[in-house]
Amino acid sequence: MLQHVKAGRLPFHTPGHKQGRGLSRRLAALLGRRALAIDLDPPVLAGPSREIPPDKARRQAEELAAALFGAERTFFLVNGTTLGLQASLLALCPPGQAVLLPRYVHRSVIGGLILSGARPVFLPVAYDEEWGLPLGVEPAVLEREGSRHPEARALLLTSPTYYGLTPDLQGAVGFCRARGIPLLVDEAHGAHLGFSPRLPQSALAAGADVVVQSAHKTLGVLTQASLLHVKRGRAAAAKIQEMVALLETSSPSPLLLASLDAACAELAERGKDLVERAVDLAWRARRALEGLPNLRCLGPEVVGKGGVAGFDPTRLVVSVRGLGLTGLQAGAWLAEHCGLQVEMADLENLVLVITAADDRRTVDRLVQGLRRLAEAFKEQKGTGGAHRKWVEPPSPVLAVTPREAALAPMRLLPLAEAAGRICGEVISVYPPGVPVLCPGEVISREMISYLLWAREQGLHLTGSAAGEAGTIICAELDMV
Ligand SMILES: Cc1ncc(COP(=O)(O)O)c(C=O)c1O
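Below or above, wherever it landed, is the structure these notes cover. Everything numeric here is computed off the predicted structure, so don't read it as measured data.

**As for the overall build of the protein chain**
A count of helices and strands for the protein chain gives 16 helices and 21 strands. Relative to the compact-globule value of 23 Å for 480 residues, the protein chain shows a C-alpha radius of gyration of 23 Å, a close match. Considering only C-alpha atoms, the protein chain reaches an extent of 65 × 55 × 45 Å along its principal axes. A burial count over the protein chain gives 56% of its 480 residues as buried. Contacts spanning at least 24 positions in sequence make up 71% of the contacts within the protein chain whose residues lie at least 6 apart. Total accessible area on the protein chain stands at roughly 21,000 Å², and carbon and sulfur atoms take up 53% of it.

**A word on the side chain of R286**
Of note, R286 is situated in helix 12 (residues 254-290). A polar side-chain atom of R286 sits 2.7 Å from the main-chain carbonyl oxygen of L298. Only 3.0 Å separates the side chain of R286 from the backbone oxygen of P313, close enough to count as a polar contact. Apart from residues lying up to four places away in sequence, R286 is in contact with C297, L298, G299, F311, D312, P313, R315 and L316.

**Re the sheet that holds strand 11 (residues 296-297)**
Within a sheet, neighbouring strands are paired by backbone hydrogen bonds and run either parallel or antiparallel to one another. In space, the 4 strands of this open sheet follow the order 11-13-15-14, with antiparallel pairing throughout. Each having just a single partner strand, strand 11 and strand 14 (344-345) make up the two edges of the open sheet. Strand direction decides the pairing type here: strand 13 (residues 315-319) and strand 15 (residues 349-353), joined by 5 bridges, are antiparallel. Bridge pairing in strand 15 places L316 opposite L352. Its contacts with the sheet place helix 13 (residues 327-338) against strand 14 and strand 15, and it is angled at close to 50° to strand 15.

Rules used in this analysis
Residues numbered from 1 in each chain as written. Predicted model: local features only at pLDDT ≥ 70, side-chain atom pairs only at ≥ 80, totals over all residues. Heavy atoms only, no water. Helix = DSSP H or I, 4+ residues; strand = E, 2+ residues; numbered from the N terminus. Rg over C-alpha atoms; globule rule 2.2 N^0.38 Å. Buried < 20%, exposed > 50% of the residue type's maximum accessible area, 1.4 Å probe, protein only. Contact = heavy atoms within 4.5 Å. Areas by Shrake-Rupley, 256 points an atom, 1.4 Å probe, with all protein chains shown as cover. Polar contact = N/O pair within 3.5 Å; in protein donor to acceptor, adjacent residues only side chain to side chain. Pairing = 2+ DSSP bridges. Axes fitted to C-alpha atoms, helices over the stretch in contact; angles between N-to-C directions.

Shown next, in the form of structure tokens:
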């Protein structure tokens, strides 16, 4: 995409840093002159004679990506999967219409519901008490909720979850086809899945209609760069394109776009080799971890439990419960003593990501660090503990749509005084960062004690509840 960038012209155009000249010296040295030289606005990239307009170059690159991933139309995104999910919900889920989705969706999905005005029908999710993590939606639960809500206009699933677990996508495709509704898949953590038969089936291969992938999470792509794939005919693709254009900046970063294009070219050439190598490395780590005392790595035995149909071995979920530590404590210990940074640590587990950027050396260092952790805490008793007061967050009741509540007049109240009111904001608890309370849901006493407890545990809350004051935005609406 960048082959037509002309070097050496004196820039009298935006961006204001003028190919790095106006950037702080330290930052310019850190980023490098060459990267800054191509950080240009689209009209400038096209050159004075507009020999290759950037929108045409982008479209060509997107077509190659669509062929690679098996989509009818692919969009490059510079504002992450967040934008892809929001644009898809805006395009396919009209105001007031019901959308079926599991409770553990990412907060960007709730953002999409606020934008579109659609009404969420949350599907109950099975939890694994032993591992302290969400599994999936059981097929029978999907069928039951589907017949309770024949008015539903779409199904949205997360596959894989943060913990690398995938649902029965083929079953979900059958469910949607029988009802003539689209299946949207948040595949933020699964852009690599289609490149190895040893990984769970990708959503596109299973027959999903819209799939959004955070390419930046598992492929060699810069942060923020994502892919939105559509396989539901030209009208749906055109509508989604319209919504992407509505939400996207008119100055997309060429660095982000080029990183997507280059990664797709590399995947086309040797994607299978790269991803297979990551899978091999992950199994190498798994085998080495097997013998470590009091540490357990979530493995294929999880398949078949609570709606889980597949698991991604490159996502290492390591339970540190047997060491008498929380995942948060273990993650901090690994960072301080072994120079290892985990992807996520929750109250029970560490989550570690192996990609094609790893090699034997990095994986062996990880194993060595976990060995030292197991050794350092081997005398300590397992927690079995106090922090497990809540295995899963309480399930709130929806009073009005997220959009109605988010756009209503607001009042900021102390958490302790908010019982019985309608929530006006998205409150997520990180890790793992899923919304526990959405705009339009009733704030119960149980939810208040859950949020206060989560704060005590050192979990990070988003929204106004996050601050020291412990407040919450309530929608000023009469209870319905
Ligand atoms: C399941 C899931 N969906 C969507 C997103 C949003 O992705 P992005 O950061 O690419 O906007 C995330 C980010 O962590 C996620 O975990």
